[in-house]
Amino acid sequence: MISNYIIYLNTLSTVERNKYLVYITLFFTVILLFCGILYLIRNKFLDKNKNTLFQRFLRKL
């Protein structure tokens, strides 16, 4: 599937290819930031001694 998308990108003009590459880069950057923020929240608020609903939710993240 990735190889088909690479072939598709090679058939596009340079302007359209750059536009799609920017979209792909933005998508992965947003996903990476979201996962990083969730990781930081989990590490900051996770307390092994408590057993509240929020703590159980954080452990499952």
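Above this text sits the structure in question.
Predicted model only: the values in this text are computed from it and were never measured.

A closer look at the overall build of the protein
1) Next: The number of helices and strands found in the protein is 3 helices and 0 strands.
2) Next: Compactness check: the protein gives a C-alpha radius of gyration of 19 Å against a globular reference of 10 Å for 61 residues, more than 25% above the reference.
3) Next: If you line up the protein on its principal axes, its C-alpha atoms span 55 × 20 × 15 Å.
4) Next: Relative to its 61 residues, the protein shows a buried fraction of 8%.

A closer look at the environment of Arg42
1) Next: As for its position among the elements, Arg42 is in helix α2 (residues 14-45).
2) Next: Residue classification places Arg42 among the partly exposed positions, given a relative accessible area of 24%.
3) Next: Taking the C-alpha atoms as reference points, Arg42 and Leu21, 21 residues apart in sequence, are found 32 Å from one another.
4) Next: Setting aside its immediate chain neighbours within four residues, Arg42 contacts Leu58, Arg59 and Leu61.

Conventions and cut-offs
- Residues numbered from 1 in each chain as written.
- Predicted model: local features only at pLDDT ≥ 70, side-chain atom pairs only at ≥ 80, totals over all residues.
- Heavy atoms only, no water.
- Helix = DSSP H or I, 4+ residues; strand = E, 2+ residues; numbered from the N terminus.
- Rg over C-alpha atoms; globule rule 2.2 N^0.38 Å.
- Buried < 20%, exposed > 50% of the residue type's maximum accessible area, 1.4 Å probe, protein only.
- Contact = heavy atoms within 4.5 Å.

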